[in-house]
Number of protein chains: 2
Amino acid sequence: MGVDTRGTFRELSFNHRFVQWILWRAGNPRIAVRLWNGDEFRLTDSRPVACMELRERRAALELLRNPSVGFGEGFSAGRIEIHGDLLAFVNEITAAITNRNANRYYLPKIGSILHAMRTNSLSRSWHNVHHHYDLGNDFYRLWLDERMVYTCAYFDTATATLAEAQRAKLDHVCRKLRLRPGQKVIEAGCGWGALALHMAEHYGVQVVAYNNSHEQIAFARQKAVDMGLDGRVRFVEDDFRNIDGRCDAFVSIGMLEHVGLASFSTLGAIVKRCLKADGTGLIHSIGRSYPQKPDAWIVKHIFPGGHMPSLSEMMHVFEPHKLRVVDVENLRPHYARTCALWLQNFDAVADKVATMYGDEFVRMWRLYLAGSSAGFQSGTLQLYQILFAPPDSNNVPWTREYQYAGAGRNH
Amino acid sequence: MGVDTRGTFRELSFNHRFVQWILWRAGNPRIAVRLWNGDEFRLTDSRPVACMELRERRAALELLRNPSVGFGEGFSAGRIEIHGDLLAFVNEITAAITNRNANRYYLPKIGSILHAMRTNSLSRSWHNVHHHYDLGNDFYRLWLDERMVYTCAYFDTATATLAEAQRAKLDHVCRKLRLRPGQKVIEAGCGWGALALHMAEHYGVQVVAYNNSHEQIAFARQKAVDMGLDGRVRFVEDDFRNIDGRCDAFVSIGMLEHVGLASFSTLGAIVKRCLKADGTGLIHSIGRSYPQKPDAWIVKHIFPGGHMPSLSEMMHVFEPHKLRVVDVENLRPHYARTCALWLQNFDAVADKVATMYGDEFVRMWRLYLAGSSAGFQSGTLQLYQILFAPPDSNNVPWTREYQYAGAGRNH
């Protein structure tokens, strides 16, 4: 404990104990803390993974009022500084909080139900997507892989780079869908078009891909022309609720998180209407191991309108329409690594981003990427790939060996 | 339409139309019908897959009152006879009914919820299990494979026999659990001990296996002695609710169907308590693609107290305890084939079974096996294998290639 020879022992002790209590509620992470008055302490006897500096008393009050928003806004504004490795710090905090809440189930579940009552109308969906994805293609190009894939990669080898792992993810999805030349594919929420273009280029299918982000669709259309694939891929700037037509495969990567639980059954109805009797579908989404509302800071600043469903909640897409769930794969560690690599890339261009959007934006995004990685590492977040088929379809291989390159024993 | 020269047209027409209406409610299956008065007709223009003879008017009235129980009891007692292939007939009827009910979701779901309120106490569980599994080991030995595995087999090649597919299933489960010599495994609901003995013999693990069927446990214990494995496998005659100890792997094959939805969370709590922090669990169970109560005839005569859960219902095991679902595989077509092969074996020894239990028992069991096969074929039944881990475990391979022999690229 530091000693302030001019201050009273009482005041020093109060600040110290106050912050200590806030951090006790967060599960006593192994960190050091430095206060605005220079006082410094650690919470446990273990070696601290990093030091959190609260530069103003206001930061401590904000942490008290709303830990998640208080930390996020305090860090973004520079009232809170992390000395040491940001990702290691966030991993430690997330694990401590998760551990502390290990036995809480019903309260988070009620929170999830209340949160889920919020319906994302067409216009609200547009606003939500605009908020995040229309930041500008130039921004995302700085730190995503060359294909601009902004979802969980698939590290099928220990040495895969981010670009290799994103390509492996696209192929993993295509193999699961067993795409064959000439088939028709509908994609809901196509981002910058990487999967749609990959399917058309390497699997010879016709794709209609929907997205309601104007910037992304413009980028994808230009890329289709550049790649000579504009005859095989049609990019539609529209909401998934306006999807029509019939297809052999329906795929949606990283859209369900933005749909909102109240519209899950609507998505299922659309899928059922589109999918041919012998078709296959795949939905890939961030999820939870149990129902929980999203982090308050993430909702306020990063993804308004999002909901990461547990598996039982995801079944609202499938069960009302009797869609047959064939295979669920949880790729959680892959997303922890993906986000960690995005953070590395982002850090390398942080100065450039700062000139475009300012320091506060950079700090906010660093926290968002580190926090996401930590969520997947600690298990507060999961990544589910769900393969499904129409109710009475038997057009599904007997084993899953076809998903693994070179293993293909056929039935 | 047959003509009865002595009867009145009105009477003939009434019987005919009455039965036709009953079968219209069942979705107009492509079958022929013969009535007690010799009148014969078909329901559609298509070639009938078999002919259903109603030998007494009572059979028609019973079909009207309760289609499932009426058919089951009528067929068992011989008031209803099927001319032609029983499995083909049941497949046709099941597909027709499924198709007819394709848009019903909320009514079955409410039925499922009401059914699920029934709690299986320890004594009722014992009674339920006794009813089915204590029919006698000699009975099951007549038509099961040599290992006495009475759950879904895994046909990893197109030519696998039932015995080969049962062995492949045991290995598929063991590979998913990544068993290593010296590990401790707890098995809940071990049947005649095939998996427990296989794990100990081929994977070098220590197994404690629970089952509350006296006949099965006695058989399994003797087999352990015969195989020299009684030092490595301990068979406990007790309910899963009394499981204790810690383990590296928790496995349960074909027990959840008997647990009842009200006790799912209890099972999850036991699993969580038993499983070490880096452990892995697997639950294999018959399920549904959407919530539905079990078939009335099956509950009355074959499996009292059973409930086949949808995936959202199965999550009651995992989500309250934050267990992390890692992988779900739907093996539905494998169970259709397994049941069809059991029916073949059963038919080959039907005379012998008749001398043991009588004709009515034989007819009941033929219908049960054919109906089960048809359920999996048509999609009214599913078979889920769910692999899971403790909440914050990262002790899970990055890809699922380890599940497929010879594919093992390791991370």
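Residues numbered from 1 in each chain as written. Chains lettered and ligands numbered in written order. Predicted model: local features only at pLDDT ≥ 70, side-chain atom pairs only at ≥ 80, totals over all residues.

1. Looking at the relation of the copies chain A and chain B
To keep things clear, this is the line we draw: Superposing the copies works by least squares over the C-alpha atoms of residues that have pLDDT at least 70 in both of them. Residue pairs are scored as contacts if the distance between their C-beta atoms, which are placed from the backbone, is within 7 Å.
After a rotation of 180° and a shift along the axis of 0.0 Å, chain A superposes on chain B with an RMSD of 0.0 Å. Interpreted geometrically, this transformation is the action of a two-fold axis. Comparing contact sets, 100% of the residues at the interface of chain A also lie at the interface in chain B, consistent with an isologous, same-surface contact.

2. Focus: the pairing of strand 5 (residues 184–188) of chain A
All names here are of chain A. Inclusion rule: Exposure classification rests on a simple neighbour count of other C-beta atoms within 10 Å of a residue's own: a residue reaching 20 or more is buried, one at 12 or fewer is exposed, and one in between is partly exposed. C-beta atoms are placed from the backbone. Segments assigned H or I by DSSP are reported as helices when at least four residues long, segments assigned E as strands when at least two residues long, and all are numbered from the N terminus. Two strands pair under a simple rule: DSSP has to find at least two bridges between them. When the strands point away from the viewer, a crossover counts as right-handed if the route from the first strand across the helix to the second turns clockwise.
Among the five residues that make up strand 5, four are buried, leaving the element largely enclosed by the rest of the structure. Relative to strand 6 (residues 206–211), strand 5 runs parallel, the two being bridged by five bridges. Note that in strand 6 the partner of Val185 across the bridge is Val207. Handedness of the crossover joining strand 5 and strand 6 through helix 9 (residues 194–203): right-handed.

3. Here's the deal with the interface of chain A and chain B
On the side of chain B, 40 residues touch chain A, which itself brings 40 residues to the contact. Within the residue set of the side of chain A that touches chain B, elements represented by two or more residues are helix 14 (311–318), strand 10 (324–330) and helix 15 (332–348) of chain A. Looking at the side of chain A that touches chain B element by element, the count peaks at seven residues for strand 10 of chain A. Judged from the three bridges that link them, strand 10 of chain A and strand 10 (residues 324–330) of chain B form a sheet pairing that is antiparallel. By the bridge assignment for strand 10 of chain B, Asp327 of chain A is matched with Glu329 of chain B.

4. Quick look at the domain arrangement of chain A
Residue and element names in this part refer to chain A. What counts is decided by this rule: What counts as a domain boundary in this text is fixed by an automatic or database domain assignment. Throughout this entry, Asp, Glu, Lys and Arg are counted as charged residues, while Ala, Val, Leu, Ile, Met, Phe, Trp, Tyr, Cys and Pro are counted as nonpolar. The remaining residues, Gly among them, count as polar.
On domain assignment, one finds that chain A holds domain 1 (9–100) and domain 2 (113–403). The C-alpha centroid of domain 2 is placed 34 Å from the C-alpha centroid of domain 1. The interface is formed by 15 residues belonging to domain 1 together with 21 residues belonging to domain 2. Within the side of domain 1 that touches domain 2, the residues separate by chemical class into seven nonpolar, eight polar and no charged.

5. Concerning the nonpolar core
Just so we agree on the cut-off: Joined through C-beta atoms within 7 Å, a set of buried Ala, Val, Leu, Ile, Met, Phe, Trp, Tyr and Cys residues constitutes a nonpolar core.
Formed by 230 residues in total, the largest nonpolar core has its most connected members in Met199 of chain A together with Met199 of chain B. Apart from residues lying up to four places away in sequence, Met199 of chain A is in contact with Cys174, Leu179, Val185, Val205 and Val207 of chain A.

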